[in-house]
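Chain by chain, the residues run as shown.
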Amino acid sequence: MIGLANIGKRFGDNLVLKGVTVAIAEGSVTALVGPSGGGKSTLLRCINLLEIPTSGTVRIGDETLEFRPGVRVPTADIRRLRLQTGMVFQNFQLFPHRTAIENVMEGLVTVLGWSSQKAHERALALLEKVGMAHKADAWPATLSGGQQQRVAIARALAPSPKVLLCDEPTSALDPELAQEVVDVLGQLASEGTTMVMATHDLRLASKIAQEAVFLDAGVIVEQGPSATLFGNPERERTKRFIATLKQEAADKEAGA
Amino acid sequence: MPHWLQLMLDSLPSLLWAALIFTVPLTLLSFVLGLTVGLGAALGRLFGPKPVVALVRFYVWIFRGTPLLVQLFLIFYGLPSVGILLDAFTAALIGFTLNIGAYTSEIIRAAIGSVPKGQWEAAYSIGMTWSQAMRRTILPQAGRVAVPPLSNTFISLVKDTSLAAAITVPEMFQAAQRIVATTYEPLILYVEAAILYLAMSSVLSALQTRLEGRLNRYGGFLEARS
Ligand SMILES: Nc1ncnc2c1ncn2[C@@H]1O[C@H](COP(=O)(O)OP(=O)(O)OP(=O)(O)O)[C@@H](O)[C@H]1O
Ligand SMILES: [Mg+2]
């Protein structure tokens, strides 16, 4: 179980998160939606501490860290919490100088100190799971975007994180390529992988997520079951936003 | 056999010997040491505290802004005035090392800076520490960017070692000068020296091309990711 309590994040004078509180149940998938600049990425990155919250508490499993303005949290604590998480980036960020399977093995060997044989076995099993075993020895530059993202998902899963954080995992991809990534994420969700994903893709969100959080200007406007939030939102602001998303999706469909 | 060819052949062993025991070791040693200094300086400049950054900037400013020949003279002829006496080879080694360090630190700094921020984040996201991320993720990619300019620096260095002749190091060019002093055949001897330098830098250029080809083997990722 993951708990964010009263997370505040400030970039200079810009208060980007204004006391965000979310609880994420084990095995659930939570979609973060909201307008651009609303703080979705920042909130995700506060979970694995790529951004250090200005204030608030982050809890993942048994690890809890509290942040206060001006108080430095030791790097070792940050890493201990971060090791409970895996992250998938919008533009994949595979290590270009390592093959697909080396990308997946990297965390196991370098960070967890596994033997390369054991890491190779696990990495191959994960590539199998995301449908990329046949490209195990390929360089990232030779893979399509969808294939790179699937390898990136395997890499993020390798150290068995408690939660998989996805920041717009499909938005850099053409629709067909996005679909193969959606399929992989959907399969992971059905196997009980805990996930939090920021996305503009209503199709992805409604297919995979049970829970949804609508974040606007650094505050949670509305949260609840995704079916309710997407189908029958309570707040006016949410309604308007969901309507625009649906309109955009319909326009894209019509255009395609 | 024409006179000039005879003279070239007769002097060839002395020149090659001087190259083998002075030019080549001086080049290799000062490049390896200079590269180490350059890496340290680049890291200091990028990640060090303010005083270190200022120190590195000062160092680079001095050594890139003054002629190498003047630097060598200062170290070999100037330092004895303040009680630091160095033999010629050591003085040349120090001079070349510091000079190469200054140039390569800028190359390495730019190369490290060229690795996208997302690569640091990807490395951190799988739990790497700063030094693991640096060693395993950033430096290999920076290395790929830095190889062509570093190779050029290396090739220039081979030729620049001839400047050590001016501070009495008996390297290849000085060997030629000494033979000129007895034979009065400057044209022939200096052409010969020029040919030998040309041969060395040509071999190195060929090696550089092969090395860059090997580094490109992972699909030319630099082109692919932009
Ligand atoms: N490193 C940073 N330094 C300064 N400001 C930042 C930084 N990262 C994000 N911000 C600011 O924080 C705000 C929220 O950004 P964030 O990327 O979290 O939004 P988002 O909801 O993910 O938007 P999008 O849908 O466009 O991805 C923006 O105003 C942005 O300019
Ligand atoms: Mg974002």
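What you see is a predicted model, and the numbers here were worked out from it, not measured in a lab.

1. Details of the nonpolar core
- Ranked by size, the top nonpolar core spans 52 residues in total, and within it L127, I153, L164 and L185 of chain A carry the most contacts.
- With seven residues, the single largest contributor to this core is helix 6 (residues 175-190) of chain A.
- Inspection of this core shows a minimum of three residues originating in each of domain 1 (2-84 + 161-255) and domain 2 (94-160) of chain A.
- Sequence-distant contacts of L127 of chain A, that is, excluding residues within four places in its chain, are made with I101, V104, M132, A133, A136, V151 and A154 of chain A.
- Grouped together as the second largest cluster of nonpolar side chains are 49 residues, L44 and M87 of chain A together with A111 and V115 of chain B included.

2. Things to note about the site of ligand 1
All names here are of chain A.
- Around ligand 1 lies a shell of 13 residues, among which S36, G37, K40, S41 and T42 are the nearest.
- G39 places a polar main-chain atom, nitrogen or oxygen, 2.9 Å from an oxygen atom of ligand 1.
- Within the side chain of H200, a nitrogen or oxygen atom sits 3.0 Å from an oxygen atom of ligand 1.
- Taken together, the elements giving at least two residues each to the shell around ligand 1 come down to strand 2 (14-24) and helix 1 (40-47).

3. Describing the interface of chain A and chain B
- Listed per partner, the contact involves 22 residues of chain A and 23 residues of chain B.
- Here chain A packs against chain B, burying approximately 2,100 Å² in sum over the two surfaces, 62% of which is carbon and sulfur.
- Where chain A meets chain B, there are two salt bridges.
- Residue E106 of chain A is joined to R136 of chain B by a salt bridge in which the shortest nitrogen-to-oxygen separation is 2.8 Å.
- Summed over the shared surface of chain A and chain B, the number is nine residue pairs in polar contact (both at pLDDT 80 or more).
- Residue assignment for the side of chain A that touches chain B shows that the elements contributing at least two residues are helix 2 (75-82), strand 6 (85-88) and helix 3 (100-111) of chain A.
- Considering each element in turn, the side of chain A that touches chain B owes the most residues, four residues, to helix 3 of chain A.
- Looking at the side of chain A that touches chain B residue by residue, the classes come out as ten nonpolar, six polar and six charged.

4. Concerning the sheet that holds strand 2 of chain A
All names here are of chain A.
- Spatial strand order, 2-1-4-5: four strands in an open sheet with antiparallel pairing. One side of each edge strand has no neighbouring strand; the edge strands of this open sheet are strand 2 and strand 5 (63-67). If you compare each strand with its neighbour and ignore which way they point, the axes differ by 15 degrees on average.
- Bridge count between strand 1 (residues 2-11) and strand 4 (residues 55-60): five bridges; the pairing is antiparallel.

5. Section: the packing of aromatic side chains
- Under the counting rule described, the total for this entry stands at twelve aromatic pairs over all chains.
- Consider the rings of F47 of chain B and W120 of chain B, whose centres lie 6.1 Å apart with planes at 70 degrees: the pair is edge-to-face. Taken as a pair, F47 of chain B in helix 1 (residues 3-47) and W120 of chain B in helix 5 (residues 117-125) lie far apart in primary sequence, 73 residues in all.
- Aromatic rings pair up to connect F47, W120, Y124 and W130 of chain B into one cluster.
- It is K118 of chain A that lies over the ring of W114 of chain A; its NZ or CZ is 4.2 Å from the centre.
- The ring centre of F95 of chain A lies 4.5 Å from the NZ or CZ of R155 of chain A, which sits over that ring.

Rules used in this analysis
- Residues numbered from 1 in each chain as written.
- Chains lettered and ligands numbered in written order.
- Predicted model: local features only at pLDDT ≥ 70, side-chain atom pairs only at ≥ 80, totals over all residues.
- Heavy atoms only, no water.
- Core = buried A, V, L, I, M, F, W, Y, C linked by side-chain atoms within 4.5 Å.
- Buried < 20%, exposed > 50% of the residue type's maximum accessible area, 1.4 Å probe, protein only.
- Helix = DSSP H or I, 4+ residues; strand = E, 2+ residues; numbered from the N terminus.
- Domains from an automatic or database assignment.
- Contact = heavy atoms within 4.5 Å.
- Near = heavy atom within 4 Å.
- Polar contact = N/O pair within 3.5 Å; in protein donor to acceptor, adjacent residues only side chain to side chain.
- Buried area = accessible area lost by both parts, 1.4 Å probe.
- Salt bridge = Lys/Arg side-chain N within 4 Å of Asp/Glu carboxyl O.
- Nonpolar A, V, L, I, M, F, W, Y, C, P; charged D, E, K, R; others polar.
- Pairing = 2+ DSSP bridges.
- Axes fitted to C-alpha atoms, helices over the stretch in contact; angles between N-to-C directions.
- Phe/Tyr/Trp six-rings, centres within 6.5 Å; stacked < 30°, edge-to-face > 60°.
- Lys NZ or Arg CZ within 6 Å of the ring centre and 35° of its normal.

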